[in-house]
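A structural walkthrough
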Amino acid sequence: MRGRVTQPKTRRGKMFLENRAPKVHENDKNAILVKGGKTSQTVSDILQELYKLKKPLSTHLKRHNPFHPFEDASGLEYFSTKYDSSLFLFGSHSKKRPHCLTFGRTYDSNLLDMIEMQVENYVPSKEFKEGVRPVLGTKPCIVLQGELFESDPTMSRVGNLMVDWFRGVKVSQIRMQGLELIISLTAQPDKILFRVYRTHLKRSATSTPRVELTEIGPSIDFKINRHKLASDSLFKTALRQPAQLRVKPRKNVTQDVFGSTLGRVHVGRQNVDSLQTRKMKGLRKTFDNHEQEDVGEEEMAEE
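Quick notes on the rules
Residues numbered from 1 in each chain as written. Predicted model: local features only at pLDDT ≥ 70, side-chain atom pairs only at ≥ 80, totals over all residues. Heavy atoms only, no water. UniProt positions renumbered as here; feature names shortened; annotations may be inferred. Buried < 20%, exposed > 50% of the residue type's maximum accessible area, 1.4 Å probe, protein only. Helix = DSSP H or I, 4+ residues; strand = E, 2+ residues; numbered from the N terminus. Pairing = 2+ DSSP bridges. Arc of directions from axis to C-beta. Contact = heavy atoms within 4.5 Å. Phe/Tyr/Trp six-rings, centres within 6.5 Å; stacked < 30°, edge-to-face > 60°. Lys NZ or Arg CZ within 6 Å of the ring centre and 35° of its normal. Salt bridge = Lys/Arg side-chain N within 4 Å of Asp/Glu carboxyl O.

Within an unreviewed UniProt entry, the label attached to the protein chain reads Ribosome production factor 2 homolog, and the organism entered is Steinernema hermaphroditum. Taken directly from UniProt, the Subcellular location (unreviewed entry) text for the protein chain runs: "Nucleus, Nucleolus". Here the protein chain is described in UniProt, under the heading Sequence similarities (unreviewed entry), as follows: "Belongs to the RPF2 family."

See below:
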């Protein structure tokens, strides 16, 4: 049975549906933070800190929801559709799996990727001495450290998920003073170290200022427990871009790793004998040279 599609009756309802309709340029991704059936104080504090770090693209649900995402993700998919959020963070606590946070994302209101991580060490931001916090809505600079993000396919997908979760608002340009928030993710075997820093621009002998980092928290050590990643075909479908945004390939034009554009020119086959060279007096044939060539040809003919 097909679902009935209702037409909007008010201008507000029309704008609501237009905002959720597919677009060439997608909206900034929102995130919902959901509490499980039971949470510890550590999980609640981390959810609150990450909510502030993700603002204004975040919604924190305060009620407890007895979900089990790895057994049934329909509850999170429903919340994703209801709050128009393609990213989610689910906090839970149990005797078997204590202090767990599940980062995930959806595609077309269906689960795409999900990873469960256990908190091994947590230092809240209030314990750091840095008094001035970054401005609300500051776009962070995300740093992925560790060879595992490139060599291990699972960690590579996890790094892509974390960048997608924390990247913030899309901007075309940003000034150097605007890069005041650094989120560092360090990959270790079955672990991810989460650190947050604030930049300080100092004077230097050159035009580029000297950058110093001060840790402002939170500081979290994650241990990877479980993960549920999309298949390669589904992940490729989720990355598909509309035809309007695809760059048409140009023949014989390539780009190197440094961003330089390189062009290749194909030249037809040339006849060197008929190639016009520079005319010089020293290369001209004189009358004496012509006579010597004719005498030489007659002597060869007589022999």
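**Details of the pairing of strand β4 (residues 100-107)**
Counting buried residues in β4 gives 7 out of 8 residues, a clear majority hidden from the surface. Where strand β3 (residues 87-92) meets β4, 6 bridges bridge the pair, whose relative direction is antiparallel. Pairing of Gly91 across the sheet is with Leu101, part of β4. Relative to strand β5 (residues 110-123), β4 is paired through 8 bridges, and the arrangement is antiparallel.

**Topic: helix α3 (residues 74-82)**
Where α3 is concerned, the buried positions are Gly75, Leu76, Phe79 and Ser80. The buried residues of α3 occupy an angular sector of 140 degrees when the element is viewed end-on, so they sit on one face. The inward-facing, buried residues of α3 contact β1 (31-35), β2 (58-64), β3 and β4. Residue Asp84 follows α3 closely and has a positive phi angle near 50 degrees.

**Observations regarding the packing of aromatic side chains**
Here the structure, examined in full by the defined rule, presents 9 aromatic pairs. Members of the aromatic cluster, connected to one another through ring pairs, are Phe67, Tyr78, Phe79, Tyr83 and Phe90. The ring of Trp165 is capped by Lys54, whose NZ or CZ atom sits 5.6 Å from the centre of that ring.

**Some details on the pattern of salt bridges**
Under the counting rule described, the total for this entry stands at 12 salt bridges. Across the pair Asp232 and Arg157 runs a salt bridge whose closest N-O atoms are separated by 3.7 Å. In this pair, Asp232 sits in helix α6 (residues 232-238) while Arg157 sits in helix α5 (residues 153-166), placing the two residues 75 residues apart along the sequence. Residues Asp164 and Arg167 are paired through a salt bridge, measuring 3.5 Å at the closest nitrogen-oxygen approach. By sharing partners, the salt bridges in this structure join Lys29, Arg105, Asp113, Arg157, Asp164, Arg167 and Asp232 into a single network.

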